[in-house]
Amino acid sequence: KKLTLQFTRHAYYLNRMSQLHILNDSMIFGELGSGAAGFVITAKRLFPNATFVCFDIPSTLLTSSYNVMMNYPDSKIGLYDNFRDKYEIQSEDLQAFDFVMLPNWCIDRVKNNTLDVFYNVESLCEMEMATIKNYLDIIERITKKYFFTINRNISLMANGAYMIPLDNFP
């Protein structure tokens, strides 16, 4: 297997969370901005009984869903159609699957204190301040225990947009 910088980064964050005793095999793990799903694919190898819930924009979910399906062809994967009619998404709904891939607007439907751990790396800083505040409020509401985030703490322009430093988050 080829070790990429991205895999090494995922492994490092998983190691840090393990050292902090954040992760376990019965957790429901949420991620905002799952991208290509590299983190949850790696984490599932270490925690095969955990449920991984990925929230992202629909176009990115196509890639992440495909990557999850290719890496875990026998897994149960919940997609938007499985949750379309649910006003409130509860832990039992999520635990019926190994992975759940939902568009970002579904995060609002997750019941309070449903997720054990929530994870975000480098996507909150790309959003507007009002959007960051909204997501942080939701993450606090739906997460029982831990929010692990890595976001830039410097002001910079990327792709013509200003990135909000972590220290400026509400």
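Structure report, in brief.

About the criteria used
Residues numbered from 1 in each chain as written. Predicted model: local features only at pLDDT ≥ 70, side-chain atom pairs only at ≥ 80, totals over all residues. Heavy atoms only, no water. Pairing = 2+ DSSP bridges. Helix = DSSP H or I, 4+ residues; strand = E, 2+ residues; numbered from the N terminus. Contact = heavy atoms within 4.5 Å. Axes fitted to C-alpha atoms, helices over the stretch in contact; angles between N-to-C directions. Phe/Tyr/Trp six-rings, centres within 6.5 Å; stacked < 30°, edge-to-face > 60°. Lys NZ or Arg CZ within 6 Å of the ring centre and 35° of its normal. Parallel < 35°, antiparallel > 145°, perpendicular 65-115°, else oblique. Left-handed = near helix turned anticlockwise from the far one by under 90°. Nonpolar A, V, L, I, M, F, W, Y, C, P; charged D, E, K, R; others polar. Expected span 1.5 Å × (residues − 1). Buried < 20%, exposed > 50% of the residue type's maximum accessible area, 1.4 Å probe, protein only. Arc of directions from axis to C-beta. Salt bridge = Lys/Arg side-chain N within 4 Å of Asp/Glu carboxyl O. Polar contact = N/O pair within 3.5 Å; in protein donor to acceptor, adjacent residues only side chain to side chain.

Section: the sheet that holds strand β3 (residues 77-78)
Part 1: Pairing within the open sheet is parallel, and its 6 strands lie in the order β3-β4-β2-β1-β5-β6. Either end of the sheet is taken by a strand with one partner, and the two such strands are β3 and β6 (143-150).
Part 2: Looking at chain direction, strand β5 (residues 115-121) and β6 are connected through 6 bridges and run parallel. Along β6, the bridge assignment pairs L115 with T143.
Part 3: Lying on the sheet, helix α6 (residues 129-142) is in contact with β1 (28-32), β5 and β6; it crosses β6 at an angle near 140 degrees.

Here we look at the packing of aromatic side chains
Part 1: In total, this model carries 13 aromatic pairs according to the counting rule given.
Part 2: Here the aromatic rings of F39 and Y119 are separated by 3.9 Å at their centres, their planes lie at 20 degrees, and the arrangement is stacked. With a gap of 80 residues between them, F39 in helix α2 (residues 38-46) and Y119 in strand β5 connect regions that are remote in the sequence.
Part 3: One aromatic cluster in this structure is built from Y12, Y13, F29, F39, F52, Y72, F99, Y119 and F148.
Part 4: Positioned over the ring face of F99 is K44, at 5.5 Å from the centre of the ring.

Observations concerning the packing of α2 against helix α3 (residues 58-71)
In helix packing, the relevant descriptors are the interaxial angle and the interaxial distance, both defined with respect to the helix axes.
Part 1: Running from amino to carboxyl end, α2 crosses α3 at an angle of 30 degrees, the nearest separation of the two axes being 10 Å. As judged from the angle between their axes, α2 and α3 are roughly parallel. Judged by the twist between their axes, the crossing of α2 over α3 is right-handed. Only N67, V68 and N71 of α3 make contact with α2, whose side of the interface consists of V40, I41 and R45.
Part 2: A breakdown of the residues in the contact of α2 with α3 according to their chemical character gives 3 nonpolar, 2 polar and 1 charged.

Some points on helix α1 (residues 5-19)
Part 1: In a regular helix each residue adds 1.5 Å, so 15 residues correspond to 21 Å; α1 covers 21 Å between its end C-alpha atoms and thus fits that length.
Part 2: Listed in full, the buried residues belonging to α1 are H10, Y13, L14 and M17. Axial view of α1: buried residues confined to an arc of 100 degrees, hence all on one face.
Part 3: Looking at the buried residues of α1, the elements they touch are β1, α2, β5 and β6.
Part 4: One or two steps after α1, the chain reaches H21, where phi turns positive at roughly 60 degrees.

Focus: the pattern of salt bridges
Part 1: By the definition in use, this model includes 5 salt bridges.
Part 2: Among the salt bridges present, the one from D98 reaches K44, with a minimum N-O distance of 3.5 Å. Of this pair, D98 sits in the loop between α5 (91-95) and β4 (99-103) while K44 sits in helix α2; the two residues are 54 residues apart in sequence, bridging distant segments of the chain.
Part 3: Take D98: its relative accessible area is 18%, and that puts it in the buried class.
Part 4: Residue D81 is joined to R84 by a salt bridge in which the shortest nitrogen-to-oxygen separation is 2.4 Å.
Part 5: For D81, a relative accessible area of 60% corresponds to the exposed category.

Details of the side chain of N104
Part 1: With respect to the helices and strands, the residue N104 is situated in the loop between β4 and β5.
Part 2: Side-chain polar atoms of N104 contact the side chain of Y135, separated by 3.2 Å.

Digging into the pairing of β4
Part 1: When you tally the buried positions in β4, you get 5 out of 5 residues, the bulk of the element.
Part 2: Covered by surrounding structure in β4 are F99, M101 and P103 together with V100 and L102, the residues of both alternating faces.
Part 3: Summarising the sheet, strand β2 (residues 51-56) and β4 pair through 5 bridges and their orientation is parallel. Residue pairing in the sheet places V53 in a bridge with V100 of β4.
Part 4: Sheet analysis places β3 next to β4, joined by 2 bridges and oriented parallel. Residue pairing across strands places I77 opposite F99, the latter belonging to β4.

Function-wise, these values are silent; they only describe arrangement.
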